[in-house]
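Summary of structural features
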Number of protein chains: 2
Amino acid sequence: MTLSHIVALAGGVGGAKMAAGLQAALPGGALTVVVNTGDDFEHWGLTICPDLDTVVYNLAGVNNPATGWGRVHETGQVLQAMSDLGGEDWFRLGDRDLALHLRRSEWLRQGISLSEVTDRLRRSFGVSTLVLPMCDEPVRTLVHTDEGDLPFQHYFVRRRCEPLVIDLSYVGADEARVPDSVFDAVSAADLIVLCPSNPYLSIDPILSVPAMRRLLRDAHAWKIAVTPIVGGEAIKGPAAKMMREMGQMISPLTVVDHYADLLDAFVLDNADAVLHDAVQLPTLITDTVMTDLASKQRLAQEILDFAAGLAGADDLPAGSPDARLPASS
Amino acid sequence: MTLSHIVALAGGVGGAKMAAGLQAALPGGALTVVVNTGDDFEHWGLTICPDLDTVVYNLAGVNNPATGWGRVHETGQVLQAMSDLGGEDWFRLGDRDLALHLRRSEWLRQGISLSEVTDRLRRSFGVSTLVLPMCDEPVRTLVHTDEGDLPFQHYFVRRRCEPLVIDLSYVGADEARVPDSVFDAVSAADLIVLCPSNPYLSIDPILSVPAMRRLLRDAHAWKIAVTPIVGGEAIKGPAAKMMREMGQMISPLTVVDHYADLLDAFVLDNADAVLHDAVQLPTLITDTVMTDLASKQRLAQEILDFAAGLAGADDLPAGSPDARLPASS
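Each chain has its residues counted from 1, running along the sequence as written. Chains and ligands are labelled by the order in which they are written, letters from A for the one and numbers from 1 for the other. Where totals are concerned, whole chains, interfaces and linings use all residues; where local detail is concerned, this predicted model gives features only for residues with pLDDT of at least 70, and gives and counts side-chain atom pairs only at 80 or more.

1. Details of the overall build of chain A
Helix numbering and strand numbering both begin at the N terminus, where a helix is a DSSP run of H or I of at least 4 residues and a strand a DSSP run of E of at least 2. Across its full length, chain A carries 13 helices and 14 strands. Only the C-alpha atoms count toward the radius of gyration. The rule for a globule is 2.2 Å times the residue count to the power 0.38. The C-alpha atoms of chain A give 19 Å as radius of gyration, which agrees with the globular expectation for 329 residues (20 Å, within 12%). Taken along the three principal axes of its C-alpha coordinates, chain A extends 65 × 40 × 40 Å. Expressed as a percentage of the 329 residues in chain A, the buried residues total 51%. The contact rule is simple: place each C-beta atom from the backbone, and if two of them lie within 7 Å, those residues are in contact. Look at the contacts in chain A between residues 6 or more apart in sequence, and 67% of them connect residues 24 or more apart. Partly exposed residues are those whose C-beta has more than 12 but fewer than 20 other C-beta atoms within 10 Å; 20 or more makes a residue buried and 12 or fewer makes it exposed, with C-beta atoms placed from the backbone.

Set out below in structure tokens:
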């Protein structure tokens, strides 16, 4: 069976890498990336959407592979001048990156939706893959820590994830709605990939949009999550640290439990092959650590092949226990 | 007689140069610069105030002497990225310059007045001279041309002053008011210098603020204008071209007539010494072309000495014909 409509849920660096791999493995137009906007914030009077931009930069091949965020061949002239003027310099906005924030902020102030703005921006980078914000309304991840409540970027960048995390909330989610474009993409999808992103910081904000979780769960697509935890560590970022602080086991199984009824299948890293039986879902076991584009594309192709096998073997509705195959490896 | 409170009316490059010269010639705190904001405009979603910035950059010694506008040691990374994204690139905003626009725009959107914003910015550059916008309300110079109405920067930068100028208007001036800071500075002034700026583009917008012209005329200060026309040409910019197109003689006398009852004295360039008698005001004749800081300071000192002589010789109210001396040269 051929999978022709693939939706990836993405946030953070892992999400952007997986999206780039899927784009490379798929024919043009087959992939739609639904992106976390809980990281968005206002800075220097501009609206910054780090996850949307990281996805677009990765899909356009202009991302900075050294940092994981921002653009390659970047300079910091404005940041230096801002610092000299006494302005905020803890969030390291690059000059070329800034052009994007300026354009987006101007359009948003003109009343253009974030979906439309994002579509214009990805097209200006020559990206043919659809990139959709999880919603058009502002949703802001708030991190409840032992030092008090911190807006996401203050926790993540300014405080370098040092405070202990007690809980999270997604401010504004109650007023958000699933955009038509996201509804259409999810409804038409054959496969939904939950990228190896931080479940709490990158995927949960997407799921916090009212009706989003049900939309995903009820979609006819196969739903497969890629572990962001490998060998007891997060590949990047604070996922493992947060699991520990929130009293969870640092394990891919915590991710499986977290997504629960959303999942039809799972992707484990070779390092955690021993957990195979415990996953209790069809499971692909492979090297999940993405470095260059070739490794991203290889992982994506393996997932696509695995999912095609699942779907082809049994056309029962996704989510039905009968549709679940033994793990392929 | 010592002149202790000096106000300069400034716009454009000539105004900023004269302001820098006066600052260099005067003790700290003696100078207040009232600046044209008719050139201001919105670009990239930011509020740009070219004349305010040119004055601050000149007073801080960080101006670009080659261009007359912008900052020295400037780069154009954001502009290039904006151009690559299909954004507007006809107004050549530099990276370091951009930091200023970002800060100002953020503060203005927070409801902070342009006067307060400007004060914060000049202090962040270590400038002790007061720099005051002519008003806090937006006033926008509109150029009526043979190609239709053009917002100032579209006429000046985008169309390089090529269209024929028929007339000018200052949109929003009716709703503007003289800020308290400007009122206080003008009221307390011993000397008001109309800088060698374009009368139509730089000084008239200031005079278009209701009550501003009367405030200046009735001030007890001596009022002296420095010619922006030397030897039948403008030192910089389209003043001469505009005079021709609007049916005026290209002459310092056109400037004298234009300011009319506002003036108590005038500064002619050596090149136009022959016009001395025709000015019909006390007139300083000297080299008015400012290049380096030394030449700016020298011109400023000559004007201050000349004005002190006028004021010391006769303490009759400024503007009284009896107070006018024969020209000093």
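2. Brief notes about the packing of helix 4 (residues 95–109) of chain B against helix 5 (residues 114–124) of chain B
All names here are of chain B. Packing of helix 4 against helix 5 leaves a shortest axis separation of 10 Å and a crossing angle of 145°. As helix 4 packs across helix 5, the resulting crossing turns out to be right-handed. Of the residues in helix 5, those touching helix 4 at Leu100, Arg103, Arg104, Trp107 and Leu108 are Leu114, Val117 and Leu121. Class assignment of the residues belonging to the contact of helix 4 with helix 5 gives a composition of six nonpolar, no polar and two charged. Lines fitted to C-alpha atoms define the axes here, with helix axes fitted over just the stretch in contact, and angles between the N-to-C directions of these axes take values from 0 to 180 degrees. The handedness criterion is simple: a crossing whose near helix is rotated anticlockwise from the far helix by less than a right angle is left-handed, and one whose near helix is rotated clockwise is right-handed. Throughout this entry, Asp, Glu, Lys and Arg are counted as charged residues, while Ala, Val, Leu, Ile, Met, Phe, Trp, Tyr, Cys and Pro are counted as nonpolar. The remaining residues, Gly among them, count as polar.

3. Looking at the packing of helix 4 (residues 95–109) of chain A against helix 3 (residues 77–84) of chain B
With their axes 8 Å apart at the nearest point, helix 4 of chain A and helix 3 of chain B run at an angle of 55° to one another. Here helix 4 of chain A is positioned oblique relative to helix 3 of chain B, judged by the angle of their axes. In this structure, helix 4 of chain A crosses over helix 3 of chain B, and the sense of that crossing is right-handed. Contact residues: Asp95, Arg96, Leu98, Ala99 and Leu102 of chain A in helix 4 of chain A; Gln77, Val78, Ala81 and Met82 of chain B in helix 3 of chain B. Classifying every residue of the contact of helix 4 of chain A with helix 3 of chain B by side-chain character gives six nonpolar, one polar and two charged. Any angle that falls under 35 degrees is termed roughly parallel, while one over 145 is termed roughly antiparallel, one within 65 to 115 roughly perpendicular, and all others oblique.

4. Notes on the environment of glycine 68 of chain A
Residues and elements named next belong to chain A. Looking at the element boundaries, glycine 68 is found in the loop between helix 2 (50–60) and helix 3 (77–84). Counting along the chain gives 54 residues from glycine 68 to glycine 14, while the straight-line C-alpha distance between them is 8.9 Å. In this structure glycine 68 touches Val13 and Lys236, once residues within four positions along its chain are discounted.

5. Quick look at the relation of the copies chain A and chain B
The two copies are related by a screw motion: chain A maps onto chain B through a turn of 180° and a shift of 0.0 Å along the axis, at an RMSD of 0.0 Å. Look at the turn and shift together and you get a two-fold axis relating the two. Copy-to-copy alignment: least squares on C-alpha atoms, limited to residues at pLDDT 70 or above in both.

6. Examining the interface of chain A and chain B
The interface is formed by 21 residues belonging to chain A together with 21 residues belonging to chain B. Elements represented by at least two residues in the side of chain A that touches chain B include exactly helix 3 and helix 4 of chain A. Counted by class, the side of chain A that touches chain B contains nine nonpolar, seven polar and five charged residues.

7. Observations regarding the nonpolar core
We define a nonpolar core as a collection of buried residues of the types Ala, Val, Leu, Ile, Met, Phe, Trp, Tyr and Cys that are connected via C-beta atoms lying within 7 Å of each other. Among the nonpolar cores identified, the biggest contains 208 residues, and Ala8 and Val193 of chain A together with Ala8 and Val193 of chain B are the most heavily contacted of them. Setting aside chain neighbours within four positions, we find valine 193 of chain A in contact with Ile6, Ala8, Met18, Leu22, Ile224, Val226 and Ile303 of chain A.

8. Concerning the sheet that holds strand 7 (residues 148–151) of chain A
Residues and elements named next belong to chain A. The pairing criterion for strands is at least two bridges between them, as found by DSSP. If you trace the three strands from one edge of the open sheet to the other, you get 7-6-8, paired in antiparallel fashion. A strand with exactly one partner marks an edge of an open sheet, and here the two such strands are strand 7 and strand 8 (165–171). If you compare each strand with its neighbour and ignore which way they point, the axes differ by 25° on average. Two strands pair when backbone bridges link them, and strand 6 (residues 140–145) and strand 7 are joined in this way by four bridges, in the antiparallel orientation. Each residue of the ladder has a partner; that of threonine 145, found in strand 7, is glycine 148.

9. Some thoughts on the environment of proline 133 of chain B
Summarising the element assignment, proline 133 of chain B is placed in strand 5 (residues 130–133). Sequence spacing of proline 133 of chain B and phenylalanine 91 of chain B is 42 residues, and the spatial spacing of their C-alpha atoms is 22 Å.

10. Quick word on the sheet that holds strand 13 (residues 265–269) of chain A
Residue and element names in this part refer to chain A. Overall, parallel pairing links the seven strands, which are arranged 5-2-1-9-10-13-14 in an open sheet. Each edge of the sheet is formed by a strand with only one pairing partner; in this case those strands are strand 5 (130–133) and strand 14 (283–286). Sheet twist, expressed as the average angle between the axes of neighbouring strands with direction ignored, equals 20°. Alignment of strand 13 against strand 14, held across four bridges, turns out to be parallel.

11. Some remarks on the confidence of the model for chain A
Interpreting fine coordinate detail is not advised for predicted regions of low pLDDT. pLDDT: the predictor's confidence for each residue, scored from 0 to 100. Residues at a pLDDT of 70 or more form 95% of chain A, whose mean pLDDT is 93. For this predicted complex, the interface score ipTM comes out at 0.89, while the overall pTM is 0.90.

12. Points about helix 7 (residues 180–188) of chain A
All names here are of chain A. When we look at burial in helix 7, the residues that qualify are Val182, Ala185 and Val186. Burial along helix 7 is one-sided: seen end-on, the buried residues are contained in an arc of 95°. Those residues of helix 7 that are buried lie in contact with strand 1 (6–10), strand 2 (31–35), strand 5, strand 9 (191–194) and helix 9 (212–218). Of all possible arcs, the one meant is that of the directions from the helix axis to the C-beta atoms.

13. What about unusual backbone geometry?
All names here are of chain A. A positive phi angle, close to 50°, is found at arginine 160, a residue other than glycine. You can see arginine 160 is positioned in the loop between helix 6 (152–158) and strand 8. Looking at arginine 160, the number of C-beta atoms within 10 Å reads 9, which means it is exposed. In this structure, alanine 260 is a non-glycine residue whose phi angle is positive, near 45°. Mapped onto the secondary structure, alanine 260 falls in the loop between helix 11 (252–259) and strand 13. On the neighbour-count criterion, alanine 260 (8 C-beta atoms within 10 Å) is exposed.

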